[in-house]
Amino acid sequence: MGRINILDPQTANAIKAGEVVERPVSVVKELVDNSVDAGSTMIRIEIEQGGIGMIRVSDNGIGMDEEDACKAFLIHATSKIRHIEELYDLSTQGFRGEALASIAACSEVTLITRQPDKDSGILVRYEDGARKEVRETSADIGTVVEVKHLFANIPARYKFLKKDSTEAMYVVSLVEKLAIINPDIAFKLVKDGKMLLATPGSGDMLDTIYSIHGREVASMMVPVEYTFGDYRITGFAGKTDCVRGNRCLQYIYVNNRAIRNKTVTAAIDEAYKNAVMKNKYPVCFLSIYAAPGQVDVNVHPQKSEVRFTNETDVFRLVYHGIRNSVFAEGDADHKFRGIRSDDPDIDAQSEKTTRFAVNTSVTEPVLPGQLKYNVPSHSTVTPSAKEVEATNQMLKILSEFKPELDDITGKSETIKDERADNIEEITTAPDIRTVEDEPETDITELASGRVAGFLFDTYIVVQSDNSVFFVDQHAAHERVLYERFMARKLNETVAEEQEVLLVPQIVDLPASDYSFVSDNYDRFRENGFDIDVMGSRQVAIRAVPMTGSRTKPSDMFTAILSDLKKEVPSKDNVWYSLIQTTACKAAIKANDRITVDEAIALIKQLSVLEDPYHCAHGRPTFIKVTRTEFEKNFKRIVC
Ligand code: ADP
Ligand code: MG
């Protein structure tokens, strides 16, 4: 007798179940997918004990007749596909026809369903993969599937479940994701009898984001809409200060499915490069639509990862989708957000009324020259070969966008020139003026204001007609210097703006610094340092870049070295790190007392920059409080 046995259907289904159903959240996903496919406008999800005790998903969709309600539990029973060809052209969520069969194989399932034109419904009950009951019953229109005692019959799997609270957390975050990509469906999630989440089902993704993640997040979202090749992206991306410490609030969907994909996250990072701080991840809800054949969803058993036919196009899609919206020109608004009078919990938090928050979005036309270089996103991080490759890929992509770049540059140059004509007037007038015909942005408004004073020897207070600005003198000056150094590097001009020292300053360096300076002698020279590397670990500084810095040149030089040492840049990035660090070390510091004239000059310089909104490390250069916000905070106006 041979050794090979054919497994009985019950055992085969239990094995199969393991692939589809890993934990409670997988059951919820399959059931909600079915409810979505059934055209529901309301889906209610209830769980007990993290879903291990009970999961109930109720919908108001098309329901099933008796025949289908029974067939639905058979393996490979599906109403969604008939032939293999249809596999690649699918708009529905489920298509393997094995979810209900698998769930029934590892739990007790009761399905009650009623079609809209019927007076009564059907109940089908399964235990241990075997059908126990089919009968007519009274029911609401739609379908209710109740799953109890998950894996009670498969101890090997039961063992792998986590704490109830952890399993519940998985379910909650799944439902949040599903609700956002299905804004026309009103979702309710009830955990152990408590309503955790309810979305309006208004069809508006932003309403749904608001109902799940609150007003703060919703108010910082910018709509994204972009098409590239066979791909299209829609959704919302956060302004640059809407960030989290991890990627938890970066929702990515492909053809309405929540997925993970490295190309997409790399494109998000690249789009926000230099505009958000290190280790911060912008919040975004992005939905990508791929034409049939342009995406393979079957690379992962739970279909949570996908492979795109053309990853480069997807990178371009996401990168430009975000850049064009979040970084659209004239869209800058750095705001102060105190507690507003329409805040529901205003009384409870009244002592927090002076809470500062910065709301930034930027105007950052891409410098065409900048693209010639491999600019690392965070100068202090030594990029891996992979990152370098990703950046190079991005640069290649961007260079193909020549016409667009030319447009941008053309525009920014005109603005610059107009402003340059005004410089005389600005220097002589006590007020900082702006150009008339330009659309008002935060920076033009700031430039039109007058210096009203200083705070803590660090912030310049500028008042315009309707707003007050707080400018961080260090961040602003750092940006001015950074862009000046970058422009010099990009134009490949030698540093003519040097401050030549009357007597060269000799500095003694530790061996590591000495060899760093020797190795990168040319980089230092390009960056405006005239130095001589001498014997006995000594360096003579003859000239430093012209920065207006008050710091002693030798101190600046050693400060730059010690900063670079914190995380030594890779060879290719030394020039960039040097620019960034020199800008930082040469800039006016916090606690340096500056004069009104110096403040005016600084704001004037800031106002003509490509990106006046962020320092070289991505922090804001200024924040804005409107008169209305003041008045709301003082309860002069209520709304
Ligand atoms: P699939 O979704 O892959 O087709 P399932 O096992 O999840 O496979 O479901 C089998 C079939 O049962 C579906 O194709 C659908 O016709 C029907 N069905 C399941 N859930 C529902 C529901 N909530 N409303 C209406 N029909 C449903
Ligand atoms: Mg299904």
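Analysis parameters
Residues numbered from 1 in each chain as written. Chains lettered and ligands numbered in written order. Predicted model: local features only at pLDDT ≥ 70, side-chain atom pairs only at ≥ 80, totals over all residues. Heavy atoms only, no water. Phe/Tyr/Trp six-rings, centres within 6.5 Å; stacked < 30°, edge-to-face > 60°. Helix = DSSP H or I, 4+ residues; strand = E, 2+ residues; numbered from the N terminus. Buried < 20%, exposed > 50% of the residue type's maximum accessible area, 1.4 Å probe, protein only. Salt bridge = Lys/Arg side-chain N within 4 Å of Asp/Glu carboxyl O. Core = buried A, V, L, I, M, F, W, Y, C linked by side-chain atoms within 4.5 Å. Contact = heavy atoms within 4.5 Å. Patch = residues over 30% accessible without salt bridge, like charges linked within 9 Å, V, L, I, M, F, W, Y side chains within 5 Å. Areas by Shrake-Rupley, 256 points an atom, 1.4 Å probe, with all protein chains shown as cover. Pairing = 2+ DSSP bridges. Axes fitted to C-alpha atoms, helices over the stretch in contact; angles between N-to-C directions. Parallel < 35°, antiparallel > 145°, perpendicular 65-115°, else oblique. Left-handed = near helix turned anticlockwise from the far one by under 90°. Nonpolar A, V, L, I, M, F, W, Y, C, P; charged D, E, K, R; others polar. pLDDT = per-residue confidence, 0-100. Polar contact = N/O pair within 3.5 Å; in protein donor to acceptor, adjacent residues only side chain to side chain.

## Quick word on the packing of aromatic side chains
For any pair of aromatic rings, the description rests on two quantities: the centre-to-centre distance and the angle between the ring planes. A full pass over the atoms with the stated rule returns 14 aromatic pairs. Ring geometry for Tyr 272 versus Phe 327: centroids 5.7 Å apart, planes at 65 degrees, classification edge-to-face. Residue Tyr 272 is found in the loop between helix H8 (262-271) and strand S14 (281-282), and its partner Phe 327 is found in the loop between helix H9 (311-326) and strand S18 (335-336); the two are separated by 55 residues along the sequence. By relative accessible area, Phe 327 is classed as buried at 5%. Pairing Phe 469 with Phe 622 gives two aromatic rings, centres 5.8 Å apart and planes at 70 degrees, and the pair type is edge-to-face. Separated by 153 residues along the polypeptide, Phe 469 in strand S22 (residues 467-472) and Phe 622 in strand S26 (residues 622-626) bring together distant segments of the chain. Each of the two residues, Phe 469 as well as Phe 622, counts as buried. Aromatic rings pair up to connect Phe 516, Phe 524, Phe 529 and Phe 557 into one cluster.

## What about the side chain of Thr 137?
Along the chain, the position of Thr 137 falls in strand S5 (residues 130-137). Looking at Thr 137, the relative accessible area reads 16%, which means it is buried.

## Quick word on the environment of Asp 140
Within the secondary structure, Asp 140 sits in the loop between S5 and strand S6 (142-148). Asp 140 sits in the exposed class, given a relative accessible area of 68%. It is 6.5 Å that separates the C-alpha atoms of Asp 140 and Arg 114, two residues lying 26 residues apart in sequence.

## Description of the pattern of salt bridges
Taken as a whole and judged by the stated rule, the model has 23 salt bridges. Note that Arg 523 is salt-bridged to Glu 526, the shortest N-O span being 3.0 Å. Placement of both Arg 523 and Glu 526 in helix H16 (residues 521-526) is noted, with a separation of three residues, approximately one turn of the helix. Residues joined by salt bridges that share partners form a network here, namely Arg 44, Glu 46, Arg 56, Glu 146 and Lys 148.

## Remarks on the nonpolar core
Counting 59 residues, the largest nonpolar core has Val 28, Leu 31, Val 32, Ile 45, Val 147, Phe 187 and Phe 285 as its most contacted members. Looking at which element gives the most residues to this core, the answer is helix H6 (residues 164-181), with nine residues. With residues near it in sequence (within four places) discarded, Val 147 still touches Val 27, Leu 31, Gly 53, Met 54, Ile 55, Ile 103, Ser 107, Glu 108 and Val 109. Core analysis: the next-biggest nonpolar cluster, separate from the first, contains 34 residues, Val 243, Val 276, Cys 284 and Tyr 319 among them.

## Describing a nonpolar patch on the surface
On the surface, Leu 455, Phe 456 and Tyr 459 cluster together into a nonpolar patch covering about 310 Å² of accessible area. Relative to the helices and strands, Leu 455 is located in strand S20 (residues 450-455). On the basis of relative accessibility, which here comes to 32%, the residue Leu 455 falls in the partly exposed class.

## Quick word on the sheet that holds strand S23 (residues 498-508)
The three strands lie next to each other as S23-S25-S24, forming an open sheet whose pairing is antiparallel. Only two strands of the sheet have a single partner each, and these edge strands are S23 and strand S24 (530-533). The sheet shows a mean angle of 15 degrees between the axes of neighbouring strands, direction not considered. Strand direction decides the pairing type here: S23 and strand S25 (residues 538-545), joined by seven bridges, are antiparallel. Residue Gln 505 lies in a different strand from S25, and its bridge partner there is Ile 541.

## Re the packing of helix H17 (residues 553-566) against helix H18 (residues 574-586)
Contact geometry of H17 with H18 gives a least axis separation of 9 Å together with a crossing angle of 130 degrees. Comparing their axes, H18 and H17 come out oblique. When you trace H17 past H18, the crossing you get is right-handed. Residue-level inspection shows Met 556, Ala 559, Ile 560, Asp 563 and Leu 564 of H17 in contact with H18, the latter providing Ser 577, Leu 578, Thr 581, Thr 582, Lys 585 and Ala 586. Residues belonging to the contact of H17 with H18 are distributed by class as follows: six nonpolar, three polar and two charged.

## Brief notes about unusual backbone geometry
With a phi close to 65 degrees, Phe 151 is a non-glycine residue in the positive phi region. Position of Phe 151 among the secondary structure elements: in the loop between S6 and helix H5 (155-158). Residue Phe 151 is classed as buried on the basis of its relative accessible area, which comes to 1%. Of note in this structure, Ser 536 is not a glycine but carries a positive phi near 45 degrees. Relative accessible area serves as the criterion here: at 67%, Ser 536 is assigned to the exposed category.

## Quick word on the environment of Ile 75
With respect to the helices and strands, the residue Ile 75 is situated in the loop between helix H3 (66-71) and helix H4 (99-105). Separated by 24 residues in sequence, Ile 75 and Ala 99 place their C-alpha atoms 8.2 Å apart.

## Focus on the pairing of S5
Remark: a regular strand shows side chains that alternate across the two faces of the sheet. Where strand S4 (residues 121-127) meets S5, seven bridges bridge the pair, whose relative direction is antiparallel. The partner of Glu 127 across the bridge, within S5, is Ala 130. Hairpin remark: S4 followed by S5, antiparallel, with two residues in the connecting loop; positive phi at Asp 128, about 50 degrees.

## With respect to the confidence of the model for the chain
Summing up the model confidence of the chain, the mean pLDDT is 78 and the portion of residues at 70 or higher is 75%. Across residues 87-91 the pLDDT falls below 50, and counting only partners more than four positions away or on other chains, this stretch makes seven contacts in the model. Confidence drops under pLDDT 50 across residues 330-436; counting only partners more than four residues distant or on other chains, this segment forms 219 contacts.

## A look at H8
With seven of its 10 residues buried, H8 lies for the most part within the structure. When we look at burial in H8, the residues that qualify are Thr 263, Val 264, Thr 265, Ala 267, Ile 268, Glu 270 and Ala 271. Its side-chain oxygen placed 3.0 Å from the backbone nitrogen of Thr 263, Asn 261 serves as the N-cap of H8.

## So, the sheet that holds S22
Taken in spatial order, the four strands of this open sheet run S20-S21-S22-S26, and their pairing is antiparallel. A strand with exactly one partner marks an edge of an open sheet, and here the two such strands are S20 and S26. Shown here is a sheet whose adjacent strand axes are inclined to one another by a mean of 25 degrees, direction ignored. Pairing analysis gives five bridges linking S20 to strand S21 (residues 459-463), with the strands arranged antiparallel. Paired with Arg 450 across the strands is Gln 463, a residue of S21. With respect to the sheet, helix H14 (residues 473-490) is in contact with S21 and S22, its orientation differing from that of S22 by roughly 70 degrees. Where helix H19 (residues 596-607) meets the sheet, its contacts fall on S20, S21, S22 and S26, and the angle it forms with S20 comes to roughly 110 degrees.

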